[in-house]
Amino acid sequence: MGRPALQEEDKRIIQVNIRLTKEENEMICNYAQASAMTPANWIRQKAFTGRFPAIKLSPINAALYRELHKIGVNLNQAVKQLNAGRLSPVFVTILSALIKTQKDILNCLMK
């Protein structure tokens, strides 16, 4: 059994052609792939909503981003305590190293 037929008013019968540079096409294809959409559907959604379609993350990446966010929150709380004088200054070097490590991980993920 095939796909159900669309109502006449739901059929896309008008075609609009645009020309893109190789870089523009590559950019749109990358955005579309990250959003789990075809390039045409990505352009359509962007054009009609004015927003970039949501990027779909794999469950592994989503879990990793959430964990890194939690680590960042804890680091911010520790720095706040340190600045308030509630922690020993010895923690400054440890916190600095942890913040640098977190930034390095995020930079690797963004590539």
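These figures come from a predicted structure and were not determined experimentally.

Trainee: Explain a nonpolar patch on the surface here, please?
Mentor: A cluster of nonpolar side chains, Ile13, Ile14, Val16, Ile18, Leu20 and Ile43, forms an exposed patch at the surface whose accessible area comes to about 640 Å². By the element assignment, Ile13 lies in the segment before α1 (22-34).

Trainee: Explanation requested: the domain arrangement of the protein in the structure shown.
Mentor: Where interface size is quoted, it is often the accessible area lost as the parts come together. Taken as a whole, the protein is organised into domain 1 (14-49) and domain 2 (59-110). Computed from C-alpha coordinates alone, the two centres of domain 1 and domain 2 are separated by 36 Å.

Trainee: Can you walk me through the pattern of salt bridges in this structure?
Mentor: Once their charged atoms are close, side chains differing in charge can pair, the charge on each being opposite to the other. Counting across every chain of the model gives two salt bridges. Across the pair Lys11 and Glu8 runs a salt bridge whose closest N-O atoms are separated by 3.5 Å. The exposure class assigned to Glu8 is exposed, which follows from its relative accessible area of 58%. A salt bridge links Lys100 to Asp104; the shortest N-O distance between them is 2.9 Å. Of the two residues, Lys100 and Asp104 are both situated in helix α4 (residues 91-110); the distance of four residues between them amounts to about one turn of the helix.

Trainee: Could you clarify how one ought to interpret the confidence of the model for the protein in this entry?
Mentor: Close reading of the predicted structure is inappropriate where its pLDDT is low. Of all residues in the protein, 95% have pLDDT values of 70 or greater, and the mean over the chain is 84. Mean pLDDT across the secondary structure elements of the protein bottoms out at α4, with 78, and peaks at helix α2 (residues 39-49), with 94.

Trainee: What exactly am I supposed to notice about the environment of Arg44 here?
Mentor: If you trace the backbone, Arg44 turns up in helix α2. Arg44 sits in the partly exposed class, given a relative accessible area of 25%. Distance from Arg44 to Cys29, taken between C-alpha atoms, is 13 Å for residues 15 residues apart in sequence. A distance of 2.3 Å separates polar atoms of two side chains, one belonging to Arg44 and the other to Asn41.

Trainee: For this particular structure, what's the right way to read unusual backbone geometry?
Mentor: Outside of glycine, negative phi angles account for most residues, and trans bonds account for most peptide bonds. A positive phi angle, near 60°, is found at Ala36, a position not held by glycine. Within the secondary structure, Ala36 sits in the loop between α1 and α2.

Trainee: Would you take a moment to explain the packing of aromatic side chains for this structure?
Mentor: A ring pair, where both rings are aromatic, is described by two values, the distance of the centres and the angle of the planes. One pass over the full model with this rule turns up three aromatic pairs. Taking 5.6 Å as the distance between ring centres and 50° as the angle between the ring planes, the aromatic pair formed by Tyr31 and Phe52 counts as tilted. Of the two residues, Tyr31 is situated in helix α1 and Phe52 in the loop between α2 and α3 (59-83); the sequence distance between them amounts to 21 residues. Using a relative accessible area of 33% as the deciding quantity, one classes Tyr31 as partly exposed. Owing to a relative accessible area of 52%, Phe52 belongs among the exposed residues under this scheme. Aromatic side chains Trp42 and Phe52 sit 5.7 Å apart centroid to centroid with 45° between the ring planes, which places their arrangement in the tilted category. Here Trp42 is found in helix α2, whereas its partner Phe52 is found in the loop between α2 and α3, with ten residues between them in sequence. Taken together, the ring pairs in this structure connect Tyr31, Trp42 and Phe52 into an aromatic cluster.

Quick notes on the rules
- Residues numbered from 1 in each chain as written.
- Predicted model: local features only at pLDDT ≥ 70, side-chain atom pairs only at ≥ 80, totals over all residues.
- Heavy atoms only, no water.
- Patch = residues over 30% accessible without salt bridge, like charges linked within 9 Å, V, L, I, M, F, W, Y side chains within 5 Å.
- Areas by Shrake-Rupley, 256 points an atom, 1.4 Å probe, with all protein chains shown as cover.
- Salt bridge = Lys/Arg side-chain N within 4 Å of Asp/Glu carboxyl O.
- Helix = DSSP H or I, 4+ residues; strand = E, 2+ residues; numbered from the N terminus.
- Domains from an automatic or database assignment.
- Buried < 20%, exposed > 50% of the residue type's maximum accessible area, 1.4 Å probe, protein only.
- pLDDT = per-residue confidence, 0-100.
- Polar contact = N/O pair within 3.5 Å; in protein donor to acceptor, adjacent residues only side chain to side chain.
- Phe/Tyr/Trp six-rings, centres within 6.5 Å; stacked < 30°, edge-to-face > 60°.

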